[in-house]
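An overview of the molecular structure
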Amino acid sequence: MNSSLEHHPGLRVAVVGATGAVGEVMLEILAQRKFPISEIWALASERSVGTPVNFGRKEIAVDNLADFDFSTVDLALFSAGGSISAEYAPKAVAAGCTVIDNSSHFRRDEHIPLVVPEVNGHVLDDWDAPGIIANPNCSTIQMVVALKPLQEAFGLKRVHVATYQSVSGAGRKAMEELVRQTAAKLSFKDADPDVFERPIAFNVLAHIDTFQDNGFTREEMKMLWESRRLLESPDLALTATAVRVPVLFGHAEAVHIETEKALDMAQVFDLLRNADGVELLDKPEDYATPLTEAAGKDAVYVSRVRQDLHDECGLCLWVVADNIRKGAALNAVQIAERLAPRLAERGADDLSSMSSMM
Ligand code: A2P
C-alpha cells in the first residue's frame with residue numbers, strides 16, 4: 001500500500017447492498033486484500049437491519065441505508081441496483097463520501113469515470129475526491145482486460161462477442177431460482193419462473209436486461225457503450241449477443257476480433273501471457289470453464305486462442321472470469337485501492353483543518 005497510508009488509521013468504509021451477491025463479496029475481498037479500514041459499515045434495506053454479514057473473521061450487523069449518515073465515511077461501495085444508486089450516491093458525495101458504484105446508472109455519464117484499473121486506470125490520476133466512479137458491466141470488464149494488450153499492439157477494428165453468463169449476475173434471487181428449478185426438474189416437477197421470464201434450469205436464454213428499439217438487449221448495448229469508453233475508442237464496432245446460462249458463478253465469452261494490423265501469433269501469445277490481470281491457458285485442451293477455473297478466482301482466463309482461418313487480422317478467444325469478483329466486487333476494490341492514498345490524505349487534511357478551528 002502507498003506510503004501515505006503507512007501510518008494512517010485507515011479509511012471509514014460502507015458497503016451498500018451488503019446482503020446481496022456482490023455486496024457480500026465486496027466485504028470478503030476488502031478483508032482478504034487487507035484494504036486499510038478503520039471502520040466498516042454494512043448497509044442494506046430496512047428488511048435486513050441487524051442481519052449478520054461476514055467481514056473477514058468478524059460478523060457485522062447490517063444497518064439501514066435509508067438512515068445512514070454518509071458524512072461519517074470516506075468511501076462507499078454501492079451494489080444495490082440502479083435506483084438506489086441514483087437516489088443515494090449523489091447524497092453520499094454531497095456529504096463528502098466517495099462512491100464506487102456497481103450499477104449501470106452512471107456508466108454513460110461522461111463526467112463520471114468508468115474504470116477497469118488494468119485498462120484505463122490512468123483516468124483516475126487527475127480525478128478529485130469526493131465523487132462517483134462507475135464500475136463497469138461484468139461481461140465488459142473481462143472482455144476489455146483480454147483485449148487491451150491486443151488493441152495496443154495491433155489496433156482493434158471490430159469485435160463480435162457471444163456471452164454465456166451465469167445467473168449470479170442477476171443477483172441472489174436468480175441463483176435461488178436456478179437451484180429451485182433444477183431440484184424441481186430432477187423430481188419431474190415444474191417450478192414457475194420468477195426472476196427470469198422463462199425456465200433457466202436446463203435451458204439458455206438469449207435475453208439479459210431489457211430489449212431496445214434496435215432489437216438488441218440493453219446488456220448487449222452496454223458492452224458496446226462501455227467498451228468504447230474503457231478502450232478509449234469511440235468508433236469501435238462491436239456486436240454482442242448476451243445469453244444467460246444455467247451456471248451459478250462465472251461468465252464465459254466467445255470473442256472474435258478483427259485487428260487493424262496483421263496478427264503475429266507468437267506475439268499474441270506473449271502479450272496475453274504477460275497481460276495484467278490475464279491468465280493465459282495456451283494449450284487448446286487446457287481451456288477454461290467457469291466452474292473449474294474462474295469461480296472464486298481473480299484472473300481473467302483466456303484460452304482457445306486461434307487465428308481466424310480466413311483472415312490474417314482475425315482472432316478467436318474464449319474468455320472466462322468470475323463475474324462477481326473481477327466482473328464486479330474485485331474491480332470495485334481495485335479502484336478503491338487506487339484511490340485510498342488520496343482519500344486518506346483528504347481525511348487527514350479535514351482532520352487538521354478541524355483541529356485548527358478548535
Ligand atoms: P436487502 O437484502 O435488504 O433487500 P442482489 O443483487 O443479490 O439481489 O442484492 C441486492 C442488494 O441490494 C441487497 O443487499 C439488498 O438488500 C439491497 N437493496 C435492495 N433494495 C434496497 C433498498 N431499498 N435499500 C437498501 N438496500 C436495498
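My aim in this report is to walk through the structure given alongside it, one point at a time.

Cut-offs and rules
Residues numbered from 1 in each chain as written. Predicted model: local features only at pLDDT ≥ 70, side-chain atom pairs only at ≥ 80, totals over all residues. Heavy atoms only, no water. Helix = DSSP H or I, 4+ residues; strand = E, 2+ residues; numbered from the N terminus. Rg over C-alpha atoms; globule rule 2.2 N^0.38 Å. Buried < 20%, exposed > 50% of the residue type's maximum accessible area, 1.4 Å probe, protein only. 1 Å grid on protein atoms, 1.4 Å probe; cavity = no way out; pocket = protein on both sides within 12 Å on 5 of 7 lines; lining within 4 Å. Points joined across faces, edges and corners; volume = space filled by probe spheres on them. Nonpolar A, V, L, I, M, F, W, Y, C, P; charged D, E, K, R; others polar. Pairing = 2+ DSSP bridges. Axes fitted to C-alpha atoms, helices over the stretch in contact; angles between N-to-C directions. Near = heavy atom within 4 Å. Polar contact = N/O pair within 3.5 Å; in protein donor to acceptor, adjacent residues only side chain to side chain. Areas by Shrake-Rupley, 256 points an atom, 1.4 Å probe, with all protein chains shown as cover. Expected span 1.5 Å × (residues − 1). Bend = angle between axes of the 7 residues up to and from the residue. Phe/Tyr/Trp six-rings, centres within 6.5 Å; stacked < 30°, edge-to-face > 60°. Lys NZ or Arg CZ within 6 Å of the ring centre and 35° of its normal.

**Structural notes on the overall build of the protein chain**
If you tally the helices and strands in the protein chain, you get nine helices and 13 strands. Here the protein chain has a C-alpha radius of gyration of 21 Å; the compact-globule value for 358 residues is 21 Å, and the two agree. Considering only C-alpha atoms, the protein chain reaches an extent of 75 × 55 × 40 Å along its principal axes. Here the protein chain holds 358 residues, and the buried ones make up 52% of them.

**Here's the deal with empty space enclosed by the protein**
A complete count under the given rule lists one cavity of 30 Å³ or more for this structure. Roughly 30 Å³ of internal volume is contained in the largest cavity. Together, Ser 104, Arg 107, Arg 108, Arg 218, Lys 222 and Glu 226 line the largest cavity. A class-by-class count of the residues in the lining of the largest cavity yields no nonpolar, one polar and five charged.

**Examining unusual backbone geometry**
In the segment running from Ala 129 into Pro 130, the intervening peptide bond is cis, with an omega of 0°. Within the element layout of this structure, Pro 130 appears in the loop between helix H3 (117-120) and strand E7 (132-134). In the Ramachandran plot, Arg 304 falls in the positive-phi region, its phi being about 50° despite a non-glycine side chain. By relative accessible area, Arg 304 is classed as partly exposed at 34%.

**Some thoughts on the sheet that holds strand E10 (residues 251-259)**
Across the sheet, six strands lie side by side as E9-E8-E10-E13-E12-E11; this open sheet has mixed pairing. Each edge of the sheet is formed by a strand with only one pairing partner; in this case those strands are strand E9 (237-241) and strand E11 (278-280). Averaged over all adjacent pairs, the angle separating strand axes in this sheet is 25°, with direction ignored. Here strand E12 (residues 300-307) runs beside strand E13 (residues 314-321); their pairing, made up of five bridges, is antiparallel. Paired with Tyr 301 across the strands is Val 320, a residue of E13.

**Remarks on the site of the ligand**
Lining the immediate surroundings of the ligand are 15 residues, of which Thr 19, Ala 21, Ser 45, Arg 47 and Ser 48 lie closest. Take Ser 48: an N or O atom from its side chain is 2.5 Å from an oxygen atom of the ligand. Look at the ligand: alone it shows 560 Å² of surface, and the protein chains cover 69% of it. Of the residues in the shell around the ligand, the class split is six nonpolar, seven polar and two charged.

**Description of helix H4 (residues 138-154)**
In this model H4 runs 25 Å from its N-terminal to its C-terminal C-alpha over 17 residues, within 8% of the 24 Å that 1.5 Å per residue would give. Where H4 bends most, at Leu 147, the angle is about 35°, and the proline Pro 149 comes one to four residues later. Counting buried residues along H4, 16 of its 17 residues qualify, which places the element largely inside the surrounding structure. The first or second residue beyond H4 is Gly 155, which carries a positive phi of 75°.

**Some details on the sheet that holds strand E3 (residues 52-55)**
Taken together, seven strands build an open sheet; the order of strands is E3-E4-E2-E1-E5-E6-E7 and the sheet is mixed. Sheet topology places E3 and E7 at the edges, where each strand pairs with a single neighbour. The average undirected angle you get between the axes of adjacent strands in this sheet is 30°. Summarising the sheet, strand E1 (residues 11-16) and strand E5 (residues 75-78) pair through four bridges and their orientation is parallel. Following the sheet pairing, Val 16 is matched in E5 by Phe 78.

**Here we look at the pairing of strand E4 (residues 58-64)**
With three bridges connecting them, strand E2 (residues 37-44) and E4 associate as parallel partners. Residue pairing for E4: Ala 42 is matched across the bridge by Val 62. Where E3 and E4 come together, four bridges link them in antiparallel fashion. What sits directly across from Val 53, in E4, is Ile 60. Turn length for the E3-E4 hairpin, with the two strands adjacent in sequence and antiparallel, is two residues, and the turn residue Gly 56 shows positive phi of about 60°.

**Considerations on the environment of His 7**
As for its position among the elements, His 7 is in the segment before E1. Between the alpha carbons of His 7 and Gly 131 there is a distance of 25 Å; along the sequence they are 124 residues apart.

**Some remarks on the packing of aromatic side chains**
For the structure shown, the criterion picks out four aromatic pairs. Between the aromatic rings of Phe 68 and Phe 70, the centroid separation amounts to 5.0 Å while the plane-to-plane angle is 85°, which identifies the pairing as edge-to-face. The exposure class of Phe 68 is buried, given its relative accessible area of 14%. The exposure class assigned to Phe 70 is buried, which follows from its relative accessible area of 4%. Here Tyr 164 and Trp 318 contribute two aromatic rings whose centre-to-centre distance is 5.3 Å and whose plane-to-plane angle is 70°, an arrangement assigned as edge-to-face. In this pair, Tyr 164 is assigned in strand E8 (residues 156-164) and Trp 318 in strand E13, connecting sequence segments 154 residues apart. Taking the relative accessible area as the measure of exposure, Tyr 164 reaches 36% and is therefore partly exposed. One Lys or Arg, Arg 108, reaches over the ring of Trp 225 and ends 3.6 Å from the middle of that ring.

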